[in-house]
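In case you want the letters, here they are:
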Amino acid sequence: MRTIAPRFGAHSGAVSRLGITPGAGRLLLVVALFLGALLAAATPVSAHAALTGSDPKQGAVVDKAPDRVSLTFSESVAMSDGSVRVLDPSGKRVDSGKTSDFGSNTYGVKLHKGLPDGTFTVAYQVVSADSHPISGAFTFSVGAPSDTKVALPDQEVGGGFVGGLYGFARYLSYAGFILVVGGAAFVLGCWPRGAGVRPVQRLVVSGWLTLTASTLVMLLLRAPYTGSGKIADAFDMAKLGDVLQTKTGAALVSRLLLLAAAALFIAVLFGAYEKRTDPKERKDLAFGLGIGGTVVAIGLGATWAMAEHASTGIQAGIAMPVDVVHLLAVAAWLGGLAALVVALYFAPSVDSGAVRRFSRVAFCSVVALAATGLYQSWRQVGSWSALTGTSYGQLLLVKIGLVVVLVGIAWISRRWTARIAGTAGGMAPEAAAAAVVEQRARRKPVTVPVGGAGDSGAGSKEASSEAVSSEGSSSKGAASAKGSSSKALSSESSSSKAASTEGTASDSPSSDASSAKNASSSKSASKAPAKEAKDSQRAAQLARQQAAMNTAREKRIRDADPLRSGLRRSVLAEAGVAVVLLAVTTVLTSTEPGRTEEEAAASKTAAETAQRSGPLILTIPFDTGAEDGKGTVRLDLDPGRTGSNDFHLYVKRPNGSAFDVPEVKVSFTLKSKDLGPLPVAPDHIATGHWTATGVQLPMAGKWKVAVTVRTSDIDQVTVNKNAQIG
């Protein structure tokens, strides 16, 4: 079986001095990039439902107070009592507090009777069908406009600290889902031996913990996220109960229950399955884990599909299963890629067959992503103008570009995998690398000291020869160490015997010889334990040296294989692009779809056009600051729509009389489309009256009308007013 072992770069010395291995440094870089991309993307979510009309309309002046206020949205919304508030000029609530659904995405609230004249403020805060909160306010007047004491908060719903925290937890939930599902699938389907590899186990368990913790945080923050924005409301049990009654709350609770089943799956995968030795039992258990894991993964994916974009809009019955397949394909590809990166850098070895199997899984995942992504893009965008002219469409183009780059790098990884699967000169890559190391070792032998300064030169040469020849395996190294120790012990014993014999022969008297013999025996007996301890220390030292030599040899073998190095670099590049792709994808899920944005804009324009009868009339006061420099400008634009319009401008003094001024200039600007200013040069036809025909306004939208009035040679002023034209 060929394996792919981790590789440490040539710069490992400097990094290891910091206590960080090169592999860990690269992985930390990827993690930092991932978190940076997520934090950069942590912006308040865009609304997915838009207010398209109201009764009374925004800014309207009505003769008598209405009995109710109604609001029409681009899609259905969730609304509770108190979601719509109507405030009189003094800031007092004048609505009944109970909202009603009038059908056709129209909702309203009844008003009290006997309302005074003045300007009223309507504030609303609802949750769109795809779980995102929206809010807004507008005014209307009864009788005539007046001052109002109403002060609305500047912070939009879903923003602030709670909004940022909720958004970050949401992004982490996607990352956790990818790691736990993709990592487990990689182990079960591509590398069963990985079930016993500790770094891979940590990756999958970390994904489960991340998904569980982020889901709990989202459940607690849901009430303040869609409501007051105060963190204290996260611990309000009454509001938490209300959250559990919503579609999003049910989805989050279902996810937690499925995560409990996922915990059991992980325990069996890294416990009973890893310990099975019988092939048949292991195969049967793998089949059961595959079925159960697939069911749990589909359920987890469905918790997003039932509460996000797929659950609203056209073809929701088709879109939700497609969204689940899309999520599972992302998890199988990116989660498996994360597991492969961890295995290549931290596991002792990886089967080349596992890399080939994952390569096939990644290819199938890309095909599934392309098919489901094409359908989702059509469903969410719907037109070429939405693809290029909306935030969703532009982000989608960025995502497509990243996918193309990722597929290109994956193709390079597949080439490295194919080369590793082949042979190098009839040998596997590991064997070829080992041959290179052996050749280098023969050219430069390694000398290992056996003893102290008293050891003979021959003994050192012998130990050196044995050390070099023992590089092949750790078992041989241990045997060599034991043999050298035995030789050293027998040599010292012979020296001791020779010294004893020499001492006996030098003395002639028998009594002295006997005494010397007894003394020598006593001395030898006392030194025996010390010699044994010294010999044990030398044997242990030799064993440590041999182990270090074996480790160094394994490292040289890993460094000598360029195929593994190329695969690791390409896989790491894949991981880097993948984390950026994940960040863009999570931002897409919180951005208003292009189709919805265009439909909402069209509905709003149509509603405003239908509510306005006759030409567009604007009255703008001006003051140049000079004597006789005050007055009003009235603009009539007929019919006040896109295309050709007739334009009339009237200038009057404060007393209402016509005011002939030396010069008047007018321009139109549509900032949302970077269009304009479009100048209009009206002709002076009567006192205080200018006109122009064929004024072209090419696009619908909120136009800024700028009027410059000059009352003397040096006194002039420019006044602006926005108007919806379309």
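Trainee: What is the right way to read the overall build of the protein from this model?
Mentor: Summing up its helical and strand segments, the protein has 18 helices and 20 strands in all. Within the span of the protein, comprising 726 residues, buried residues form 44% of the whole. If you take every contact in the protein between residues at least 6 apart in sequence, the share linking residues at least 24 apart comes to 71%. Element-wise, carbon and sulfur atoms account for 59% of the exposed surface of the protein, whose accessible area totals about 35800 Å².

Trainee: Looking at this structure, I do not really get the sheet that holds strand S7 (residues 95-103). What am I missing?
Mentor: Strand pairs in the sheet, formed through backbone hydrogen bonds, run parallel or antiparallel to each other. If you walk across this open sheet you meet the 4 strands as S2-S4-S8-S7, and the pairing is antiparallel. In this open sheet, the two strands that pair with only one neighbour each are strand S2 (51-55) and S7. The mean angle between the axes of side-by-side strands here comes to 20°, regardless of whether they run parallel or antiparallel. Across 4 bridges, S2 lies against strand S4 (residues 68-73) in antiparallel orientation. For Leu51, the partnering residue across the bridge sits in S4 and is Phe73.

Trainee: Before we go on, may I ask you to explain unusual backbone geometry in this structure?
Mentor: Note: most residues except glycine have negative phi, and most peptide bonds are trans. In this structure, Pro639 follows Asp638 across a cis peptide bond, with omega equal to 10°. Position of Pro639 relative to the elements: it lies in the loop between strand S13 (630-638) and strand S14 (643-652). A cis amide bond links Gly676 to the next residue, Pro677, at an omega of 5°. You will see that Asp628, though not glycine, has its phi angle at about 55°, which is positive. Mapped onto the elements of the fold, Asp628 is located in the loop between strand S12 (616-623) and S13. Residue classification places Asp628 among the partly exposed residues on the basis of a relative accessible area of 41%.

Trainee: Sorry, what's going on with a positive patch on the surface here?
Mentor: Positive charge collects at one region of the surface, where Arg356, Arg357, Arg360 and Arg414 lie side by side. Broken down by element, the residue count for the positive patch peaks at 3 residues, all from helix H10 (residues 352-380). For Arg357, the location among the structural elements is in helix H10. Residue Arg357 is classed as partly exposed on the basis of its relative accessible area of 31%.

Trainee: Can you walk me through the packing of aromatic side chains in this structure?
Mentor: Summed over the entire model, instances satisfying the criterion amount to 9 aromatic pairs. Between Phe120 and Phe140, the ring centres sit 5.7 Å apart and the planes meet at 15°, which makes this aromatic pair stacked. One end of the pair, Phe120, is in strand S9 (residues 118-128); the other, Phe140, is in strand S10 (residues 133-142), and 20 residues separate them in sequence. Among the residues examined, Phe120 registers a relative accessible area of 0% and is labelled buried. On the accessibility criterion, Phe140 (1% relative accessible area) is buried. When the centroid spacing of 4.0 Å and the interplanar angle of 10° are considered together, the rings of Tyr166 and Tyr225 count as stacked. Placement of Tyr166 in helix H3 (residues 160-190) and of Tyr225 in helix H4 (residues 198-226) is noted, with a sequence separation of 59 residues between them. A connected cluster of aromatic rings, assembled from ring pairs, spans Phe73, Tyr107 and Tyr124.

Trainee: Mind showing me how you'd approach the pairing of S13 here?
Mentor: Along any regular strand the residues' side chains alternate between the sheet's two faces. Sheet topology places S12 next to S13; 8 bridges connect them, and they run antiparallel. By the bridge assignment, Ile617 is partnered in S13 with Asp636. In this sheet, S14 lies alongside S13 in antiparallel orientation, the contact comprising 7 bridges. Along S14, the bridge assignment pairs Asp638 with Asp646. Adjacent in sequence and paired antiparallel, S13 and S14 are bridged by 4 residues, among which Gly640 carries a positive phi angle near 75°.

Trainee: For this particular structure, what's the right way to read helix H8 (residues 279-305)?
Mentor: With 27 residues, H8 should cover 39 Å at 1.5 Å per step; its first-to-last C-alpha distance of 38 Å lies within 8% of that length. Turning to H8, its buried residues number three or more, namely Ala286, Leu289, Gly293, Val296, Ala297, Gly299, Leu300, Gly301, Thr303, Trp304 and Ala305. Check the buried side of H8 and you find it contacts H3, H4, helix H6 (247-270), helix H7 (272-275) and helix H9 (316-346). Between the side-chain oxygen of the N-cap and the backbone nitrogen of Lys280 there are 3.2 Å, and the N-cap of H8 in question is Asp278.

Trainee: Which parts of the structure should I look at to understand the sheet that holds strand S15 (residues 663-670)?
Mentor: Spatially, 4 strands are ordered S16-S15-S19-S20 in an open sheet, and the strand pairing comes out antiparallel. A single partner strand is all that each edge strand has here, and the edge strands are strand S16 (675-680) and strand S20 (716-725). The mean inter-strand angle of the sheet, taken between neighbouring strand axes irrespective of direction, is 20°. Note that S15 and strand S19 (residues 701-710) share 7 bridges and pair antiparallel. Within the sheet, the bridge partner assigned to Phe668 lies in S19 and is Val705.

Rules and cut-offs
- Residues numbered from 1 in each chain as written.
- Predicted model: local features only at pLDDT ≥ 70, side-chain atom pairs only at ≥ 80, totals over all residues.
- Heavy atoms only, no water.
- Helix = DSSP H or I, 4+ residues; strand = E, 2+ residues; numbered from the N terminus.
- Buried < 20%, exposed > 50% of the residue type's maximum accessible area, 1.4 Å probe, protein only.
- Contact = heavy atoms within 4.5 Å.
- Areas by Shrake-Rupley, 256 points an atom, 1.4 Å probe, with all protein chains shown as cover.
- Pairing = 2+ DSSP bridges.
- Axes fitted to C-alpha atoms, helices over the stretch in contact; angles between N-to-C directions.
- Patch = residues over 30% accessible without salt bridge, like charges linked within 9 Å, V, L, I, M, F, W, Y side chains within 5 Å.
- Salt bridge = Lys/Arg side-chain N within 4 Å of Asp/Glu carboxyl O.
- Lys, Arg positive; Asp, Glu negative; His and termini not counted.
- Charge placed at Lys NZ, Arg CZ, Asp CG, Glu CD.
- Phe/Tyr/Trp six-rings, centres within 6.5 Å; stacked < 30°, edge-to-face > 60°.
- Expected span 1.5 Å × (residues − 1).
- Polar contact = N/O pair within 3.5 Å; in protein donor to acceptor, adjacent residues only side chain to side chain.

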